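Understanding the architecture of this molecule
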Amino acid sequence: PGRARRRLLLSQLFQPLNLQAGGEAGGEQPGCRSQRLMLQAGLIHPGSPGCYSLLPPAVRAMEKLVRAMDEEMQAVAGQKLSLPSLSAAELWRASGRWEQMGPELFRLEDRHGRGYCLGPTHEEAVTELVAAQSSLSYKQLPLRLYQVSRKFRDEPKPRLGLLRSREFYMKDMYTFDASAAAARHTYSQVCGAYCSLFHRLGLPVVRVEAATGSIGGTMSHEFQLPADIGEDRLVLCPHGHFAANVEMLSGEQTSCPACGEKLTQTRGIEVGHTFYLGTKYSSVSKAIFYSPENKPQLAEMGCYGLGVTRILAASIEVLSTEDGIRWPRLIAPYQLCFIPPKRGSKEEQEDGAVLLDQLYNDLVELKPHLASDSVLDDRTQLTVGKRLKDANKLGYPYVIVAGKRVCENPPVFEVWNQNTGEVSFLTKEGVIELLSKAQVS
């Protein structure tokens, strides 16, 4: 209250646009659509191989995505924490993964010669943390701990931008239950939360049976986003009875084991992975709780990952056109773009810019959060058409233009719904009603 609303001007945002670039952008030859579009739109900038700076609009999108993840994790009683990126070598040696993961681990030593790795995942660290709680009771279970943090994997050939990089953000949850049955119930609940998240994002993610790999455990599922660029090969039942990563199958499976229907093949981008671990890690660190009979028992564990930066890139990969980014509306960096008339035009001389300002003020009066979620394209030396083309490439869900009809009585604005391609011509009241119904968040 009392604080003046500061307009976000496109010319002042740190978003180095390279929208006219052909193949190469940001000094890097892109290997896929999302990488090219993100470089051109000033969302990412390459550093060393497999490492990217995330620029302010990409960070906004990521923060919105993390907020949605927080909501889903807290709905299943998740508690957020933060574990160190540096993980002691002895923890990894005790679990056997120091040798098992080989060159994928980034390893280093401190000045005293003690070994560490940069965490690619945190099973060892979180299990050691829980094991240190010497009086954990069954009444405190299930325990569902999660974080969103940077992870590090020494990919031999990082490629495709944020789809396969050496440094990335992941949401990882680790659960501790009193019995195998309770752990399986937790597994079902967290998988349900993942399905809810992808539904909210409007991404057609498929849950498939998967191998447990270096994480281990007895049951595993991947959440795969079908895409031609995907590195995983999947087989799917057309009726949804069966889905698997082909690496899970022994031999060539061509028909659904449930209904006998011919399986279809596709490729996918892995955006999430879940594991039922049993006591694989709790037995190493002695992560115990006390039963109703006051007997020490090993906790049954699960772990659950979502690739935060990978979901950003994968959503752009599958939703976008060749020329323009299309975001899940929930995580678009900015919801609205306002385009005033060209400098010196008839529309400007007849107060088109003033009328657009009035629309903006009335809109944020009703929905104050839109003040920080709207951008004014103040490059008025450019034509409206040029700025509209750029807005299409940047993927704002809604673009509001003070075009030729803003001089009518009453003034009429163009409203572009980028995700559907629809254009509406509406009065100020009509624009506000449209955006209210669309529940622009």
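Everything here concerns the structure above.
Read on for a plain summary of the structure. Source: prediction; values computed, not measured. (Residues numbered from 1 in each chain as written. Predicted model: local features only at pLDDT ≥ 70, side-chain atom pairs only at ≥ 80, totals over all residues. Heavy atoms only, no water.)

We now examine the overall build of the chain. Per the secondary structure count, the chain includes 12 helices and 21 strands. Principal-axis analysis of the C-alpha atoms places the extent of the chain at approximately 80 × 55 × 50 Å. Buried positions account for 51% of the 441 residues belonging to the chain. Long-range contacts, defined here as pairs at least 24 residues apart, represent 67% of the contacts in the chain between residues at least 6 apart. Once the 50 positive and 49 negative side-chain charges of the chain are each reduced to a mean point, those two points are 2 Å apart. (Helix = DSSP H or I, 4+ residues; strand = E, 2+ residues; numbered from the N terminus. Buried < 20%, exposed > 50% of the residue type's maximum accessible area, 1.4 Å probe, protein only. Contact = heavy atoms within 4.5 Å. Lys, Arg positive; Asp, Glu negative; His and termini not counted. Charge placed at Lys NZ, Arg CZ, Asp CG, Glu CD.)

Turning next to the side chain of T175. Structurally, the position occupied by T175 is in strand 8 (residues 167-177). In this structure T175 comes out as buried when scored by relative accessible area, which is 1%. Each residue touching T175, except ones within four places of it in the same chain, is listed here: L143, R144, T186, E300, M301, G302 and Y304.

Read across the open sheet, the 3 strands follow the order 4-6-5; overall the sheet is antiparallel. Single-partner strands in this sheet number two, and they are strand 4 (86-88) and strand 5 (106-109). Mean inter-strand twist for the sheet, computed between neighbouring axes without regard to direction, equals 40°. Pairing between strand 5 and strand 6 (residues 115-118): 4 bridges, direction antiparallel. Paired with F106 across the strands is L118, a residue of strand 6. (Pairing = 2+ DSSP bridges. Axes fitted to C-alpha atoms, helices over the stretch in contact; angles between N-to-C directions.)

For the rest of this paragraph, the subject is the pattern of salt bridges. Across all of its chains, the model carries 25 salt bridges by this definition. In this structure, E167 engages R150 in a salt bridge whose closest nitrogen and oxygen atoms are separated by 2.6 Å. Of this pair, E167 sits in strand 8 while R150 sits in strand 7 (residues 143-152), and the two are 17 residues apart along the sequence. Looking at E167, the relative accessible area reads 25%, which means it is partly exposed. Look at R150 and you get partly exposed, because its relative accessible area is 38%. With its nearest N and O atoms 2.7 Å apart, the salt bridge here joins R159 to E231. Residue R159 is found in the loop between strand 7 and strand 8, and its partner E231 is found in the loop between strand 10 (219-226) and strand 11 (232-236); the two are separated by 72 residues along the sequence. (Salt bridge = Lys/Arg side-chain N within 4 Å of Asp/Glu carboxyl O.)

Strand pairing within a sheet occurs via backbone hydrogen bonds; the two strands may be parallel or antiparallel. Strands sit in the order 18-17-19-20-21 across an open sheet of 5 strands; the sheet is mixed. Edge positions in the sheet fall to strand 18 (374-376) and strand 21 (422-426), since each has one partner strand and no second. Across the sheet, the mean angle from the axis of one strand to that of its neighbour is 20°, orientation sign disregarded. Taken together, the 3 bridges between strand 17 (residues 336-339) and strand 18 define a ladder with parallel strand orientation. Residue pairing across strands places L336 opposite S374, the latter belonging to strand 18. Sitting on the sheet, helix 10 (residues 352-366) is in contact with strand 17, strand 18, strand 19 (398-401) and strand 20 (413-417), with an inclination near 155° to strand 17.

With that out of the way, let us pick up the packing of helix 2 (residues 56-75) against helix 8 (residues 308-319). Packed helix pairs are specified by the crossing angle of their axes together with the interaxial distance, meaning the distance between the axes. Following both chains from N to C, one finds helix 2 and helix 8 inclined at 110°, their axes separated by 10 Å at the closest point. Here helix 2 lies roughly perpendicular to helix 8, going by the angle between them. Taken as a pair, helix 2 and helix 8 cross one another with a handedness that is right-handed. Where helix 2 approaches helix 8, its residues A58, A61, M62, L65, V66 and M69 are matched on the opposing element by V308, T309, I311 and L312. (Parallel < 35°, antiparallel > 145°, perpendicular 65-115°, else oblique. Left-handed = near helix turned anticlockwise from the far one by under 90°.)

The subject of this paragraph is the pairing of strand 8. By the criterion of burial, strand 8 is predominantly enclosed, with 10 of the 11 residues buried. With 10 bridges connecting them, strand 7 and strand 8 associate as antiparallel partners. For Y146, the partnering residue across the bridge sits in strand 8 and is M173. Where strand 8 and strand 16 (residues 300-307) come together, 8 bridges link them in antiparallel fashion. Note on strand 16: the bridge partner recorded for F176 is M301.

A few words now on the pairing of strand 21. Here 5 bridges tie strand 20 to strand 21, and the two strands are oriented antiparallel to one another. Of the residues in strand 21, the one forming a bridge with V415 is S424. Hairpin geometry of strand 20 and strand 21 is characterised by an intervening segment of 4 residues between the two adjacent antiparallel strands and by a positive phi of about 80° at G421.

Formed by 64 residues in total, the largest nonpolar core has its most connected members in F198, I311, W327 and Y396. Element by element, the count of residues in this core is highest for helix 6 (residues 180-201), at 9 residues. When near neighbours in sequence (up to four residues on either side) are disregarded, F198 contacts L203, V205, F223, V271, L306 and I311. Within the second largest apolar cluster, 22 residues are counted, among which are L363, V364, I400 and I432. (Core = buried A, V, L, I, M, F, W, Y, C linked by side-chain atoms within 4.5 Å.)

Let us now look at the environment of F176. Locating F176 in the fold gives a position in strand 8. Not counting residues up to four positions away in its chain, the partners in contact with F176 are V126, T127, V130, L141, P142, L143, L145, A299, E300 and M301.

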